[in-house]
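# What the coordinates show
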Amino acid sequence: MSGFHTVEKIGGTSMTRFADVMKNVIIGKRSGDALYNRIFVVSAYGGITNLLLENKKTGEPGIYGFFAQDSAEWRPALEKTREEMLRLNRTFETVGLDVAQADEFVNQRLDGLIVSLENLMSLRTFGHFKPTEYLPAAREFLAAVGEAHSAFNSVLILRANGVNARFVDLSGWKSMENRDLDSAILNAFEGMDFAHEMPIVTGYVKCDQGIMKTFDRGYSEITFSKIAVLTHAREGVIHKEFHLSTGDPKLIGEDKVQVIGNTNFDIADQLSDMGMEAIHPKAAKQMEIQNIPIRVKNAFDPEHPGTLISRDYISPVPRVEMICGRNDIIAIEVHDPKMVGECGYDYHLTECLKNHHISYIAKTTNANTITHFVPERNRTLEACLEEIRAKFPESKVETCRIGIISVIGTNMRAPGFLTRAAKSLFDAKINVLALDQTMRQVNIQFMLNRDDFKNAQIVLHREFVEKK
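In short, a report on the structure. Predicted, not measured: the structure shown is a model, and the values here were computed from it.

## Some points on the sheet that holds strand E4 (residues 198–202)
To summarise the sheet geometry, strands pair through backbone hydrogen bonds and adopt either a parallel or an antiparallel arrangement. One open sheet accounts for eight strands, arranged E3-E4-E2-E1-E5-E7-E8-E6; its pairing is mixed. Each edge of the open sheet carries a strand with a single partner, namely strand E3 (165–168) and strand E6 (262–264). Across the sheet, the mean angle from the axis of one strand to that of its neighbour is 25°, orientation sign disregarded. Bridge count for strand E7 (residues 294–298) against strand E8 (residues 307–310) is three bridges, and the pairing is antiparallel. Paired with Ile294 across the bridge in E8 is Ile309.

Printed below as a string of structure tokens:
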């Protein structure tokens, strides 16, 4: 396996517009040999994984959600998913999909799911199987169906359009083999000729450690990263439905934001913390170590080079590269006079967060107060707060719903960034509740009332990006 090829990932929203993706990204102006030396890792069509598992944003149960609740509603949920998959098949008929063959594939996989889930239902009635023993496996094979569906369809469409595409099904459907993640990928690519065929690969990989169990819904980017590293790709490319820009174009205005031409993996980590994953942080690490750059491109603006994320890029002049944030944060403030001078107080406090699998985005401290800023959607938040109050009975524990705005750049080591940001917020009558900045000076985080979230981004973008 040489380093002449790229590994490219297409997200679910883009996959739903596959005719445009094929025209802009996969085929475009290429022909002959220029079509190849590219591996495509595909996500499930937009919304399908929500139907298979649960809605990522609202938590509304899908097939898995109902099955885990021991609810008979998993059967209607499965038929609803089948209906949507078959509907999607028909949207691709005009671009070359053999609908009959595509429908047969869907029905075969979903009928197999019914048999598997019914067998698990039967086994658990005997009482010898704990949910922790069979639910992770059920979640794994349910998730796998989404990527298998989109990858299979893509191969049929591409072959109908003259491309020598190859279906690489890493989902392990009916396979009794158990391999680790690396071995499963290497085995699938053994003997493949990237120069003359185009692998279309499922974002899900069946492996003995359980890719869903280990990485949850970010597994397709782990697959993308692993393939890039193991096949020694020259570059990874992520195709999204938008550019990586200096701010949210819907909020700030498409005419005001600018595409970020270059940045580094450090900044990609900061974006991940803000819920704006250019790539899953655990996936980015391996590519960073191997010095494989990642390019983020807009799938519907094919001529634009996009944003190159590399290991060593530092802006030659101090500047802000992005204004972003998230408005779903809970501040957990612990005030305790006994904290003063006590070694390990914060260690025992963060133990409570660890026990409930809650990761914090920022932290502020003074002599007697520690505040952790965590995502609100954590299902174990109330249990965590109960443990904190029980562990520190003399403390005052309060919570507050806030937003965080982050000013980010590879080179912000110059006097004045904080002053300019604070003044622009002050002039807009926006109160800063707290702020956080490390000595590395790659970002400044402002904690504010949620009502100020949108306006603060507009104000800061105007100050640092639009102002000449």
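Moving on, there is more to tell.
## Side note on the packing of aromatic side chains
Counting across every chain of the model gives ten aromatic pairs. On the numbers, 6.0 Å between centres and 80° between planes, the contact of Phe189 with Phe194 is edge-to-face. Chaining the aromatic ring pairs together yields one cluster made of Phe67, Trp74 and Tyr134. The ring of Phe300 has Arg17 sitting right over it, with the charged end atom 3.7 Å from the ring centre.

## Regarding the packing of helix H12 (residues 265–273) against helix H13 (residues 281–289)
When two helices pack together, their arrangement is captured by the angle between the axes and the distance separating the axes. Where H12 meets H13, the closest approach of the two axes is 10 Å, and the angle between their N-to-C directions is 175°. The orientation of H12 with respect to H13, classified from their angle, is roughly antiparallel. For the pair H12 and H13, the contacting residues are Phe265, Asp269 and Ser272 in the first and Pro281, Ala284, Lys285, Met287 and Glu288 in the second. Broken down by class, the residue content of the contact of H12 with H13 amounts to four nonpolar, one polar and three charged.

## Side note on the packing of helix H6 (residues 99–124) against helix H7 (residues 131–160)
Relative orientation of the contacting elements H6 and H7 amounts to 175°, with a least axis distance of 10 Å. For the element pair H6 / H7, the angle class is roughly antiparallel. In this structure, H6 contributes Gln101, Ala102, Phe105, Val106, Arg109, Leu110, Leu113, Ser116, Leu117, Leu120 and Arg124 to the contact, and H7 contributes Tyr134, Leu135, Ala138, Phe141, Leu142, Val145, Ala148, His149, Phe152, Asn153 and Leu156.

## Quick word on the nonpolar core
Core analysis: the largest hydrophobic core is formed by 111 residues, its most contacted members being Phe18, Ile26, Leu158, Ile200 and Phe373. Beyond its immediate sequence surroundings of up to four residues, Ile26 is in contact with Ile10, Phe18, Val21, Leu35, Arg38, Phe40, Leu158 and Met198. Tyr345, Leu353, Leu381 and Ile388 belong to the second-largest nonpolar core, a separate cluster that totals 17 residues.

## Here's the deal with the environment of Thr365
By the secondary structure assignment, Thr365 is in strand E10 (residues 362–365). The exposed category is assigned to Thr365, whose relative accessible area is 52%. Distance in space between the C-alpha atoms of Thr365 and His335 is 9.9 Å, their sequence separation being 30 residues.

## Some thoughts on the sheet that holds strand E9 (residues 322–335)
With antiparallel pairing, the six strands of this open sheet are ordered in space as E10-E11-E9-E12-E14-E13. The sheet is open, and its two edges are formed by E10 and strand E13 (432–437), each paired on a single side. For this sheet, the mean inter-axis angle between neighbouring strands, taken without regard to orientation, is 30°. Two elements, E9 and strand E11 (residues 369–375), share seven bridges in a ladder whose sense is antiparallel. Note on E11: the bridge partner recorded for Ala331 is Phe373. In this fold helix H14 (residues 345–355) packs onto E9, E10 and E11, with an angle of close to 25° to the strand it touches most, E11. Lying on the sheet, helix H16 (residues 417–427) is in contact with E13 and strand E14 (443–449); it crosses E14 at an angle near 20°.

About the criteria used
Residues numbered from 1 in each chain as written. Predicted model: local features only at pLDDT ≥ 70, side-chain atom pairs only at ≥ 80, totals over all residues. Heavy atoms only, no water. Pairing = 2+ DSSP bridges. Helix = DSSP H or I, 4+ residues; strand = E, 2+ residues; numbered from the N terminus. Axes fitted to C-alpha atoms, helices over the stretch in contact; angles between N-to-C directions. Phe/Tyr/Trp six-rings, centres within 6.5 Å; stacked < 30°, edge-to-face > 60°. Lys NZ or Arg CZ within 6 Å of the ring centre and 35° of its normal. Parallel < 35°, antiparallel > 145°, perpendicular 65-115°, else oblique. Contact = heavy atoms within 4.5 Å. Nonpolar A, V, L, I, M, F, W, Y, C, P; charged D, E, K, R; others polar. Core = buried A, V, L, I, M, F, W, Y, C linked by side-chain atoms within 4.5 Å. Buried < 20%, exposed > 50% of the residue type's maximum accessible area, 1.4 Å probe, protein only.

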